[in-house]
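These are the residues of each chain, in order.
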Number of protein chains: 2
Amino acid sequence: MKSIIALGMTVFLSAEILAQDGFVLPAGDADTAQALVETALDSDLAWDIVESLTTSVGPRLAGSEAEARARAWGEELGRELGFDRVSVEPFTMEFWERGEMEIVMTAPYEQALYGSALGGSGRSPFLGAVNAEIVYFRNIDALTAIEDGALDGKIAFVDGDAMVPSQTGAGYGPSNQRRRIGWQHAERGGAEALVVRSVGSDSHRMPHTGMMSSMDGEWADIPVIAVSNPDADHLRRLHNSGEAIEMRIRSTAGWRGEVTSGNVVLDLIGRENPDEIVLIGGHLDSWDQGTGAVDDGAGVAITTAAAALIAQLPQRPRRTIRVVMFGAEEVGLLGARAYAEQHADEIGNHVLATESDFGARTVWQLVSNVSDEGTPAIDAVGDIIGPLGIVRGGSNVPGGGPDIIPLAMQGVPTVRLSQNGSDYFDLHHTPDDTLDKIDPDELAQNVAAYVALVYLAAELDVDFRSATEDE
Amino acid sequence: MKSIIALGMTVFLSAEILAQDGFVLPAGDADTAQALVETALDSDLAWDIVESLTTSVGPRLAGSEAEARARAWGEELGRELGFDRVSVEPFTMEFWERGEMEIVMTAPYEQALYGSALGGSGRSPFLGAVNAEIVYFRNIDALTAIEDGALDGKIAFVDGDAMVPSQTGAGYGPSNQRRRIGWQHAERGGAEALVVRSVGSDSHRMPHTGMMSSMDGEWADIPVIAVSNPDADHLRRLHNSGEAIEMRIRSTAGWRGEVTSGNVVLDLIGRENPDEIVLIGGHLDSWDQGTGAVDDGAGVAITTAAAALIAQLPQRPRRTIRVVMFGAEEVGLLGARAYAEQHADEIGNHVLATESDFGARTVWQLVSNVSDEGTPAIDAVGDIIGPLGIVRGGSNVPGGGPDIIPLAMQGVPTVRLSQNGSDYFDLHHTPDDTLDKIDPDELAQNVAAYVALVYLAAELDVDFRSATEDE
């Protein structure tokens, strides 16, 4: 791993830029942050980390043996990179596995479809298959409007539209409804299976998996399968031409009982305020068909690399920097919830938190949700990383990433370095989420942005928490 | 189907442009060709045809029941579009089918790979699988250099490199060696299976299938599987890191006995020289995992639409225009060979032949291989279609498409309208070859180029055959 640190350089940052709202960024801190940015841009540490994770561990389904190997990998990496404290914090969870699956259109003619069971899907009858005609729904609203029992003996197919690619990933939430709640209405209708158009912006024969939403803790009994956008297009054209469509679906997906997952926690202990924590991270688990490079090997690599570069400074920053490799994110933020529970007594010590979980394209925006007192310091970070092509977005924007939600709900201040998500939903939860989709230079830009943010958040004597939440 | 013909327009083409090497394109013919170009650009007939073929028939493996449905579809289409003579010309062939396949890396850890049996592949042991360590070969040359028996009990994996995309598809031939002849050396070495990097320029988890080459009429006994470029990258990285790699391969691929395929022949009978034939076409069969939109539904659609537009003129051109939808191209040009045999006594009457079998991107070049007397007429076609962005390439360039080879070998003159193949080998022989990959406007540009060429070749009193071949 190449990680040459060139901290000798001094860069002049004008007091005019740095003095905002009465806040002055100390010149020494600014210089160090700037030097870290330069070092990060020239380092391939993050690339080495994500290459290692995706290659030596591979796919890492939440709760699987592979995810356990990923935790061992994370521990070893933390030690190698010189973190002061490395630990694995286990938790238990229910394990869902896709097993084997086949989805074939059998009428008007036979054609294999490219599909993937959704997380939480049930199975077809033992040693058998579901064979039935489909009922076509143009979108999720059409399905939710059915009467109970209206789909008896049928397969529901919920179409929709391919997502429109966007920098922000807007559109994911609405599109995602058919994945999330479709099964609840299909079962209510008496359907034997549910097939949905994948939630994704690509036009490849790549199904997008992802977790469904449970209903009062219950999951689907029937197979629930997402098919690729081109397959959904095909079914739509056939349906519109008046053809009756039948399918055969065989799936052995299901819940396999309780297993152990865990979070990997890597600390650089603060030299003055070790109890105050700046938390960054990504999630270690991935869906099982790709190798989880973009989601979220990249986030693990970016944040670990940023902290590791700071670890090579002559002294630790004032506060503790904590990298958390969350377990079991994809299946319901289980690692994040476990972390919040297990660290309940020190949540008030988390001064800032952010997760990288939106791929590895260049960061284009910095948003924050911190105290009025802390905001000018984040603005100063924005000034330093502005030359990386990053704009300063809103200072009152909640959300630091999915695994930060349980912390943010308890008042932990958040920031977000927004990656360009234009192709994120081409790859999201597909077999295509592999290492070749990451550009090393874009990845390094991410590390550069993170290292400036994290270093300053840990070094500056600034209170990011609001007064009401501090008491 | 919208196919409004607007032949009323007159366009002035200067005599200066049209008079070349003593050849003068009659103004009336030029006007008609120009009007056909305008009509084609405004028509969505080709789009309707390829949409119908891919949707109502779907994948059409050579020799399959689906290919038979495609022939029925072709006959019906020909009658609907007003061709004067519609026939199916059957031939027999050996049928190969992929059956079911599973390829999983089992060491250093378990990970499903995205692979596809190559055409002509053998099967794994009945109710069993091949379980073995791989021997890594950096390229096909490394495999061909092995000694007999050197791979006993192993799986050979032949790496290589992703193809570099290019307008011309250059690089396909050399890359293709591992697909073509790899099995012969793997079997010579005693390997239990062969796995090769797909021959393709994409970076998706899309394996590229395709036919192997037989050796003295014999085919592989062992499973031969192409894996996607990202999978091959993954195996390479693991191998380079020193890991021993094992795989489990289960395949039921094999030869199923003799079946009937056929060519669909649609004629517009020439008004003056009905025995003289201008032959155009594409191939009706496709690989079985996509729906054969780009390869070669597009070719069928472009050439059929071009002829159908000519069919709407007030009178038939002087010569016969024949559209051939070739069967069983993918598995060894079987339809083309059958056509040449079945039409042996009239091969001397084929005045010009060309096939569209390189996708549906815009045509960028016109090349020819016709007599000296005929070349200026092709130049005149080049002048008319030049404004479509098409350059006049070489006038001594052999090759009118794969299915034209048996005719060209017997002296039939050829032309080629070269499509931009920059993304052709992203899609070629993959599940991703679906309708959404075709741009309707680019498709219409193809029809416009074809219609000018075909109309003038059939109308002009020009001898494209060389003197020696005419006697």
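Residues numbered from 1 in each chain as written. Chains lettered and ligands numbered in written order. Predicted model: local features only at pLDDT ≥ 70, side-chain atom pairs only at ≥ 80, totals over all residues. Heavy atoms only, no water.

Trainee: Any chance you could explain the nonpolar core here in plain terms?
Mentor: Soluble globular proteins: nonpolar side chains tend toward being buried together. Ranked by internal contacts, the top residues of the largest apolar core, which has 84 residues, are Trp73(B), Ile310(B), Ile385(B), Ile438(B) and Leu443(B). Taken domain by domain, this core gets at least three of its residues from each of domain 1 (15-95 + 258-470) and domain 2 (99-252) of chain B. With near-sequence residues (within four places) excluded, Ile438(B) lies in contact with Trp47(B), Val50(B), Ala293(B), Val294(B), Ala298(B), Ala360(B) and Leu443(B). Trp73(A), Ile385(A), Ala457(A) and Phe464(A) belong to the second largest nonpolar core, which has 83 residues in total. (Core = buried A, V, L, I, M, F, W, Y, C linked by side-chain atoms within 4.5 Å. Buried < 20%, exposed > 50% of the residue type's maximum accessible area, 1.4 Å probe, protein only. Domains from an automatic or database assignment. Contact = heavy atoms within 4.5 Å.)

Trainee: Explain the sheet that holds strand S5 (residues 130-137) of chain A to me, please; I cannot follow it from the model alone.
Mentor: Paired through their backbone hydrogen bonds, the strands of a sheet run either parallel or antiparallel. All names here are of chain A. An order of S3-S2-S9-S5-S6-S7-S8-S4 is seen for the eight strands of this open sheet, with the pairing classed as mixed. Edge positions in the sheet fall to strand S3 (111-112) and strand S4 (115-117), since each of these pairs with one other strand and no more. Examined bridge by bridge, strand S2 (residues 101-107) and S3 share two bridges and lie antiparallel to one another. Across the sheet, the residue bridging to Val 104 is Ala 112, located in S3. The strands touched by helix H7 (residues 177-189) are strand S6 (155-158), strand S7 (193-197) and strand S8 (224-227); relative to S7, the strand with the most contacts, the crossing angle is about 150 degrees. (Pairing = 2+ DSSP bridges. Helix = DSSP H or I, 4+ residues; strand = E, 2+ residues; numbered from the N terminus. Axes fitted to C-alpha atoms, helices over the stretch in contact; angles between N-to-C directions.)

Trainee: Honestly, the UniProt feature "domain: Peptidase M28" (unreviewed entry) in chain A in this entry has me stumped. Any pointers?
Mentor: Taken from the UniProt record, the annotation "domain: Peptidase M28" (unreviewed entry) applies to residues 263-450 of chain A. Secondary structure across residues 263-450 of chain A comprises 31% helix and 24% strand; the distance between its end C-alpha atoms is 21 Å. (UniProt positions renumbered as here; feature names shortened; annotations may be inferred.)

Trainee: Any chance you could explain the pattern of salt bridges here in plain terms?
Mentor: Working definition: two side chains of opposite charge can pair if their charged atoms are close together. Applying the stated criterion across every chain, the model contains 56 salt bridges over all chains. Here Arg188(B) ties to Asp148(B) by a salt bridge, and the two come within 2.7 Å at their closest N and O atoms. Placement of Arg188(B) in helix H7 (residues 177-188) and of Asp148(B) in the loop between helix H5 (140-144) and strand S6 (155-158) is noted, with a sequence separation of 40 residues between them. Asp423(B) is the salt-bridge partner of Arg361(B), the closest N and O atoms lying 2.6 Å from each other. In this pair, Arg361(B) is assigned in the loop between strand S13 (350-355) and strand S14 (363-369) and Asp423(B) in the loop between strand S16 (414-419) and helix H13 (424-427), connecting sequence segments 62 residues apart. Look at the salt bridges and you will find they share partners, linking Arg138(A), Asp159(A), Asp161(A), Arg197(A), Asp233(A) and Arg236(A) into a network. (Salt bridge = Lys/Arg side-chain N within 4 Å of Asp/Glu carboxyl O.)

Trainee: Could you clarify how one ought to interpret the domain arrangement of chain A in this entry?
Mentor: Interfaces are often sized by the amount of accessible area the parts lose when they come together. All names here are of chain A. Under the domain assignment, chain A is made up of domain 1 (15-94 + 258-470) and domain 2 (99-252). Summed over both sides, the interface of domain 1 with domain 2 buries roughly 1,500 Å², with 60% coming from carbon and sulfur. Joining domain 1 to domain 2, the criterion identifies zero salt bridges. On the surface where domain 1 and domain 2 come into contact, there are eight residue pairs in polar contact (both at pLDDT 80 or more). When residues of the side of domain 1 that touches domain 2 are assigned to their parent elements, the largest contribution, three residues, is made by helix H13 (residues 424-427). (Buried area = accessible area lost by both parts, 1.4 Å probe. Polar contact = N/O pair within 3.5 Å; in protein donor to acceptor, adjacent residues only side chain to side chain.)

Trainee: How should I be thinking about the interface of chain B and chain A in this particular structure?
Mentor: Taken together, the contacts link 29 residues of chain B with 29 residues of chain A. Roughly 2,300 Å² is buried in total at the junction of chain B and chain A, and carbon and sulfur atoms are behind 53% of that figure. For the chain B face of the interface with chain A, the top three residues by lost area are Thr55(B), Arg205(B) and Arg237(B), together amounting to 24%. Taken together, the connections running from chain B to chain A amount to zero salt bridges. Here chain B is connected to chain A by 17 residue pairs in polar contact (both at pLDDT 80 or more). Among the secondary structure elements, those contributing two or more residues to the side of chain B that touches chain A are helix H3 (45-57) and helix H8 (229-240) of chain B. Of the residues in the side of chain B that touches chain A, the class split is nine nonpolar, twelve polar and eight charged. (Nonpolar A, V, L, I, M, F, W, Y, C, P; charged D, E, K, R; others polar.)

Trainee: Would you mind going over the packing of aromatic side chains with me for this structure?
Mentor: Given two aromatic rings, their pairing is described by the distance between the two centres and the angle made by the two planes. All names here are of chain B. Throughout the structure, instances matching the rule amount to 16 aromatic pairs over all chains. Between Trp 219 and Trp 255, the ring centres sit 5.1 Å apart and the planes meet at 45 degrees, which makes this aromatic pair tilted. One end of the pair, Trp 219, is in the loop between strand S7 (193-197) and strand S8 (224-227); the other, Trp 255, is in strand S10 (residues 254-268), with 36 residues separating them in the sequence. For Trp 219, a relative accessible area of 22% gives the class partly exposed. Here Phe 326 and Tyr 339 contribute two aromatic rings whose centre-to-centre distance is 6.2 Å and whose plane-to-plane angle is 75 degrees, an arrangement assigned as edge-to-face. Of the two residues, Phe 326 is situated in strand S12 (residues 319-326) and Tyr 339 in helix H10 (residues 334-342); the sequence distance between them amounts to 13 residues. A single burial state applies to Phe 326 and to Tyr 339, both of which are buried. (Phe/Tyr/Trp six-rings, centres within 6.5 Å; stacked < 30°, edge-to-face > 60°.)

Trainee: What am I meant to see in the relation of the copies chain B and chain A here?
Mentor: Of the transformation placing chain B onto chain A, the axial shift is 0.0 Å and the rotation is 180 degrees, giving an RMSD of 0.0 Å. The two molecules are tied by a two-fold rotation axis, judged by turn and shift. (Least-squares fit on C-alpha atoms with pLDDT ≥ 70 in both.)

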